Amino acid sequence: MITRGDPRIDVVDGERLESVRPQLEAFLSTNHLKLDSGVNTFVVAYDHGDGRIVGCAGLDRNIVKCVGVDESFRGSGLSLKIGTEVVKFGLGDGYDDFFLYTKYENSRLFRGWGFSPIIEIPEQVSFMEFNPARLSSYLAKLSLEKKSGSRIGSVVMNANPFTNGHRYLVEQASKECDWVHVFLVKENASLIPYDDRLMLVRAGISDLPNVIVHAGSNYIISRATFPQYFLKNAAEINEQASAVDALLFRKYIAPTLDIDVRYVGTEPIDKTTAMYNRVLMKYLYTYPYDSRPIKLKEIKRLEYGDTIVSATAVRALLSKRNFDEIKKIVPETTLSFLRNFDTLREDRAA
Amino acid sequence: MKLRRSMMFIPGDNAGMLSNSYIYKPDSVMFDLEDAVSLTEKDSARLLVFNTLKANLYTGIETVVRINGVETPFWEQDLDMAVRGGVEVIRLPKTENVSEVREIEKKLEIIEKNCGRNVGETKIIAAIESAIGVVNSVAIAACTPRMVAIALAGFDYLVDMQTSRSSGSEPELFYARAAVLHAARAAKIDAFDVAYGDVNDEEGFLREVKIAKNLGFNGKSLIHPRQIELLHKAYAPPKEAVDHAEKVIQAAKDAREKGLGVVSLDGKMIDPPVIHEAERVLLLAQNS
Amino acid sequence: MKIIKKGMAGTLESSDVLVVISPNNDIGLKLVLQSKVEKQFGSAIRMCVKNTLAMCGVSDAVIEVRDQGALECVIKARVEAAAYRAAGETNSRFEVPS
């Protein structure tokens, strides 16, 4: 109950967050947690008496992170008050759904907050969603695009930007399958904005009649499902997060579209992607799970000169405005887009 | 005669407590729209209290709504809600003078007429929370037949007096307690002692209950359900007092049946106030 | 009452309900309910939400209700508060039961 002695709850962001950052870091470290740099809003509970922090929860867009409650306040209902503030702040900020990762043994706490686990790896991790109706409605929409055939393939790509390498991968899949579903990463953490990436993918494969391009979603390689994917440092990748992303695909998306196989390019350079491919193989196929295994097929990457065609290479060439080289590794539509890209960016900034 | 030993505070925006607190059987329940509710939740708490009142969860328990003070933009809507919801008593916070009570009275009359309740049906408890309130309490207690009790609230009062809560004999509340209680008794209404803030300190709570009871307070404002039973037990009359009260009531009954104008027990005359006190003792005993 | 923005009321605490009401691009009410007591009380809760909205004169809205075992009076109160907020109205009307 609320009396004058109960903790005071405050929502802090911006400059006020900076001023309490040291205390928050200290509090989180007593809970064996680090302050995640993506969190820009914190709900903080202060002890009424001495003013120390006794609980907190952070929001990174619509992802709940850095949740801690002082031991002496556990079971007091404080956690629920913090959870309510977090959700209300996020709803007020325009989000209608929330996600969080938690240790498997802590998922009970967040069930209390109204979150439901959508992927669980027993004894390890729970990936939870506030509004699982969103997942169902996404799948219902997706199922409208279901095709029948003896072999249904899939490709997930960021396409930042779409290159001949992407084209080659989809083409190989389309030759081997009756239908191929292409999913684009929705997150706008890339150089090229999502809408442009989508347009370039559609243009680049428009001549392949058995390929369907799907808009991105929160459930395929998003900041929520797979936060580490968007970090620059490949060493930060951990298997659990990649595993959750793979299991989401296997449990929800693949069955909705009857997908049998997922195509990826071999990855000789980028450690993040190489690691991701290994984990994909394990969790899509070999890991024992209550949904049908999905095969993973690696296609040897398209080469050019002594290296492979990659979006990373295109972006490097773009920064030097070396369009003669770019021309060799991207389709015509991507090339003409990139020629205008710098001016476009300036326009957008204006 | 109505018992007012325990007035249990419930934050007006706490759905769980509003839904469940009747199980603790306090004499009165006070739904708070003032200090316990943040500025952004005033509207929502008002609706929650309104619907709780209408759901009749608190049958047999006196319902009180603490409105926001007359200096805020909230009190008129609070009052409108409470009267239309069917509340029995309005608790007016930080009462300092009679004119504030008059303002509430005037508004109450309009709302009562508008929603078809009897004029004067809604009672008032004035909370005294400042030095000026204590000084004016005699006038406040007597200013309207709607006034059924006054309640001393210690937190703001002690700030106003430039002191703070001590433990032990509590000299800091001595004058206010005595003054407010006299004001109430002179006006023939009830009086509530301050709330005790540390819900984990049973001993301290009971020490304070003893002071209040010995001074003559009807009861206390309470901030936690677990204080209710402790308080009711402390107010339970001893067995000898109950036995004596039963004899007094029996004697009064016998006298009435025999058509005697005078009641006597063991050869001694018994005055009406003694009979009244005996009734109070039995009521306390039945409800402890 | 016309819903012009997102409005919410309530909490995730036990015996409470969190209600979010937003404008509906289509005509009518779209109600999404999550409740731990869905099986026993799902239809009663839906009925209560719809009746309350009808009383408030709300005909087009998306309503998300997350119930933590709230009593009917609590559901009613939270729906009303969320509706007033979503309609941008600051003064509630307290109807006397007839």
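Below you will find a few notes about this structure.

Definitions and limits used
Within each chain, residue numbers correspond to sequence positions counted from 1 in written order. Chain letters and ligand numbers both follow the written order, the letters beginning at A and the numbers at 1. Whole-chain, interface and lining totals are the exception, using all residues; otherwise, since this is a predicted model, local features are given only for residues with pLDDT of at least 70 and side-chain atom pairs are given and counted only at 80 or more. Heavy atoms from the whole structure form the basis of all side-chain values; hydrogens and water molecules are not counted. Should DSSP find at least two bridges between two strands, the strands are taken to pair. A run of DSSP states H or I qualifies as a helix once it reaches four residues; a run of E qualifies as a strand once it reaches two. Both are numbered from the N-terminal end. For helices, the fitted line uses only the C-alpha atoms of the stretch in contact; every axis is such a line through C-alpha atoms, and the angle between N-to-C directions lies from 0 to 180 degrees. Burial here depends on accessible area, computed with a 1.4 Å probe over protein chains only, as a share of the maximum for the residue type. Under 20% is buried, over 50% is exposed, and the range in between is partly exposed. By this rule, a helix spans an expected 1.5 Å times one less than how many residues it contains. The directions considered for the arc run from the helix axis to the C-beta atoms. Any pair of residues with heavy atoms lying within 4.5 Å of one another is described as a contacting pair. Here the quantity called buried area is the total loss of accessible area, with a 1.4 Å probe, experienced by two parts when brought into contact, counted for both. Take a side-chain nitrogen of Lys or Arg and a carboxyl oxygen of Asp or Glu: if they are within 4 Å of each other, that pair is a salt bridge. Whenever two N or O atoms come within 3.5 Å, that pair is a polar contact, provided that in protein one can donate a hydrogen and the other can accept it, and provided that, for residues adjacent in sequence, both atoms are side-chain atoms. Amino acids are sorted into nonpolar (Ala, Val, Leu, Ile, Met, Phe, Trp, Tyr, Cys and Pro), charged (Asp, Glu, Lys and Arg) and polar (every other residue, Gly among them).

**Looking at the sheet that holds strand 10 (residues 211-214) of chain A**
Residue and element names in this part refer to chain A. As summarised here, the arrangement of the 5 strands in space is 10-9-8-11-12, forming an open sheet in which the pairing is parallel. Only two strands of the sheet have a single partner each, and these edge strands are strand 10 and strand 12 (295-299). Sheet twist, expressed as the mean angle between neighbouring strand axes with direction ignored, is 25°. As paired elements, strand 9 (residues 179-184) and strand 10 share 4 bridges and run parallel to each other. Counted as the bridge partner of histidine 181 is isoleucine 212 from strand 10.

**A short note on unusual backbone geometry**
All names here are of chain A. Backbone torsion omega between asparagine 160 and proline 161 reads 5°, so that peptide bond is classified as cis. Mapping proline 161 onto the fold places it in the loop between strand 8 (152-157) and helix 5 (164-176). Phi at histidine 32 takes a positive value of approximately 60°, unusual for a residue other than glycine. Overall, histidine 32 belongs to the exposed group, its relative accessible area being 75%. Non-glycine residue arginine 61 carries a positive phi angle of around 50°. With respect to the helices, strands and loops of the structure, arginine 61 is situated in the loop between strand 3 (53-60) and strand 4 (63-69).

**So, helix 2 (residues 78-92) of chain A**
All names here are of chain A. The first and last C-alpha atoms of helix 2 sit 21 Å apart over 15 residues, in line with the 21 Å expected at 1.5 Å per residue. Every buried residue belonging to helix 2 is among Leu78, Ser79, Ile82, Gly83, Thr84, Val86, Val87, Lys88, Gly90 and Leu91, and all of these are buried. Where helix 2 terminates, the next one or two residues include glycine 94, which has phi positive at roughly 105°.

**Focus: helix 4 (residues 132-143) of chain A**
With 12 residues, helix 4 of chain A extends 17 Å between its outermost C-alpha atoms, agreeing within 8% with the 16 Å of an ideal straight helix rising 1.5 Å per residue. Buried residues of helix 4 of chain A: Pro132(A), Leu135(A), Tyr138(A), Leu139(A) and Leu142(A), and no others. Across the axial projection of helix 4 of chain A, the buried residues extend over an arc of 115°, all falling on one side. Buried residues belonging to helix 4 of chain A abut strand 6 (116-121), strand 7 (125-129), strand 9, strand 10 and helix 7 (239-257) of chain A together with strand 3 (29-35) of chain C.

**Here we look at the interface of chain A and chain C**
Taken residue by residue, the interface counts 20 residues in chain A and 14 residues in chain C. Buried surface at the junction of chain A and chain C, both sides included, amounts to about 1,200 Å², of which 55% is carbon and sulfur. Contact with chain C buries area across many residues of chain A, yet Thr84(A), Lys88(A) and Leu91(A) alone supply 38% of it, more than any other trio. For the interface between chain A and chain C, the tally reads 1 salt bridge. With its nearest N and O atoms 3.1 Å apart, the salt bridge here joins Arg134(A) to Glu64(C). Viewed at the interface, chain C and chain A are joined by 9 residue pairs in polar contact (both at pLDDT 80 or more). Broken down by secondary-structure element, the contributors of at least two residues to the side of chain A that touches chain C are helix 2 and helix 4 of chain A. In terms of residues, the side of chain A that touches chain C owes the most to one element, helix 2 of chain A, which gives 8 residues. Counted by class, the side of chain A that touches chain C contains 8 nonpolar, 8 polar and 4 charged residues.

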